[in-house]
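Geometric and topological summary
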Amino acid sequence: MPPLANTLPISSISQFFPPRRGHANHRYRRFSGAQSSTADPYNRKNQTGVIIIGAGLAGLAAANQLTSKRIPFLLLEASDGVGGRVRTDIVDGFFLDRGFQIFITAYPEAKKLLDYEALDLQRFYAGAKVFYGGKFHTVADPLRHFWDSVASLTNPIGSVVDKGLIALTRARVLIKSDEEILTAADEVPTIDLLRKIGFSEAILDRFFRPFFGGIFFDRDLETTSKLFDFVFRCLALGENTLPAMGIGEISNQLAAKLPSNSVLLNTRVASIEYPNGTGSDPPSVRIQDGGVLKAELGVIVAVEQPEVDKLLDGIRDPVMTKPARSTICLYFTAEPNQIPVQDPVLFLNGSNSGIINNMFFATNVARTYAPPGKALVSVSLIGSFEDRSDDDLAAEVIRELSGWFGESSVMSWKHLKTYRIQFAQPNQCPPTDLVKSPRVRSGLYLSGDYMTSATFDGALVSGRRAVEVLLREKGLI
């Protein structure tokens, strides 16, 4: 087939993308529309319109955008499933998210792409319980839990002034648009912003470091103030939730909207090559088994930041990156009578000691996360703890939580699984550019949360932007 002309209208491209009915009529449960890399989804030899490398949120968002424009594509994924970091494993009937993740309903791009009702979102309490001084203290959203908030005014997590400053910070971010926040010229580390606002060291150590440290995987709060403002705004406008069937249902829902056989799993890309040097033709993609795939419009690289330089070796100069954020998530099983509280609340370590940053009882938020008659506990640490074994960390977590909830509740919990997430998030300390151009060179584009904000929403936005730039460059928008 001859190359597609730069001026070819979308309606002409659609002849290569026949309508496919019924592929999203199953309420998005468990995506199963992928195939092996040996098949030819469009009955053409190793050729399609766009090749997307990586089926995380960014790649799935790019694929959804191409689907809406009726542009043919192949989505290549090295692993055995879609989602990247946003996946859920089922172990002995328990739903285990790959690391601590919370979905905020106010993410603007997510609201455009996702069916919240189908996700059956289960809500957290709008606030947290902070362990400090040997007991728990409540921090509550005054607009959602007014009386809890009033009762917490005099607790030691922060002064009355601190809690007034939280309200002022909320008002400050709500008068700005998302674009104004993410493109702001002035940025500082989050910790510097909070000190400039006037927050005391007490509330910084006891609330902000464990709460936002758990979101950014950065307890030092060196992350850019732009990301803090964006997330704070989303928290003010939305709710913290989990899909009833696990965080991976977000990825499954996005994948279920794609044409059948457009996703190739267990298909690792070995290299990206420009056969004709640096000409205007899009690059080809060589997969690990030796096969070569060709894209007529372009290639979108939607893998994690550490993998980008490997794939672009020889195509662009290496880009200096900051050390990634790492986390460890441990899961424990328990009998329901061994769970000391029933509230769907996040617990924070405000004591400035121990290895735990935050934890919650997953089955208090979503009963579906465990088989009937069982409970699931999720505990998060910040960092890689490379010198500690899984068993050692699990034992220390149990000892630490025994001091929180009492030995009679905790000592009988059973360690189920540990996830070590080396690349949990890109490091977004200042200086940052949260609206990077996706274009590398002709026919080659980048997508991922490192291109925008290190959030669910940032990954989704980056996928859409990569497609928009590609189509604009080819004269299709």
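Scroll up for the structure.
Read on for a plain summary of the structure. (Residues numbered from 1 in each chain as written. Predicted model: local features only at pLDDT ≥ 70, side-chain atom pairs only at ≥ 80, totals over all residues. Heavy atoms only, no water.)

Moving on, we get to the sheet that holds strand β9 (residues 135-140). Strand order in this open sheet of 7 strands is β9-β8-β16-β17-β18-β15-β19, and the pairing throughout is mixed. Only two strands of the sheet have a single neighbouring strand rather than two, namely β9 and β19 (414-425). Shown here is a sheet whose adjacent strand axes are inclined to one another by a mean of 25°, direction ignored. In terms of strand pairing, strand β17 (residues 358-361) meets strand β18 (residues 375-382) through 4 bridges, oriented antiparallel. Counterpart to F361 in the pairing with β18 is V377. Across the sheet, helix α9 (residues 201-216) is in contact with β8 (127-132), β9, β15 (325-334), β16 (346-349), β17, β18 and β19; its angle to β16 comes to roughly 115°. Helix-sheet contacts for helix α14 (residues 390-405) involve β8, β9, β15, β16, β17, β18 and β19, and the interaxial angle to β15 is about 70°. (Pairing = 2+ DSSP bridges. Helix = DSSP H or I, 4+ residues; strand = E, 2+ residues; numbered from the N terminus. Axes fitted to C-alpha atoms, helices over the stretch in contact; angles between N-to-C directions. Contact = heavy atoms within 4.5 Å.)

Right, let's talk about unusual backbone geometry for a bit. The step from P430 to P431 runs through a cis peptide bond, and the omega angle for that step is 0°. Even without being glycine, D92 reaches a positive phi, approximately 55°. As for its position among the elements, D92 is in the loop between β4 (88-91) and β5 (94-97). Of note in this structure, N352 is not a glycine but carries a positive phi near 60°. As for its placement among the helices and strands, N352 is situated in the loop between β16 and β17.

Here the focus is the sheet that holds strand β7 (residues 121-123). Pairing in this open sheet of 3 strands is antiparallel, and the strands run β6-β10-β7 from one edge to the other. The open sheet has two free edges, formed respectively by β6 (103-104) and β7, since each of these has just one partner strand. Bridging between β6 and strand β10 (residues 240-243) involves 2 bridges; their strand directions are antiparallel. Along β10, the bridge assignment pairs I104 with N240.

Our next topic: the packing of aromatic side chains. Under the criterion given, the structure shown has 30 aromatic pairs. Ring plane angle 85° and centroid distance 6.1 Å describe the contact between Y331 and Y419, whose orientation is recorded as edge-to-face. Of this pair, Y331 sits in strand β15 while Y419 sits in strand β19, and the two are 88 residues apart along the sequence. Aromatic ring contacts, followed pair by pair, group F199, F207, F208, F211, F212, F216, F228 and F232 into a single cluster. In this arrangement the basic side chain of K417 is found over the ring face of Y419, its NZ or CZ atom lying 5.2 Å from the centre. If you follow R441 out to its NZ or CZ, it ends over the ring of Y274, 5.2 Å from the centre. (Phe/Tyr/Trp six-rings, centres within 6.5 Å; stacked < 30°, edge-to-face > 60°. Lys NZ or Arg CZ within 6 Å of the ring centre and 35° of its normal.)

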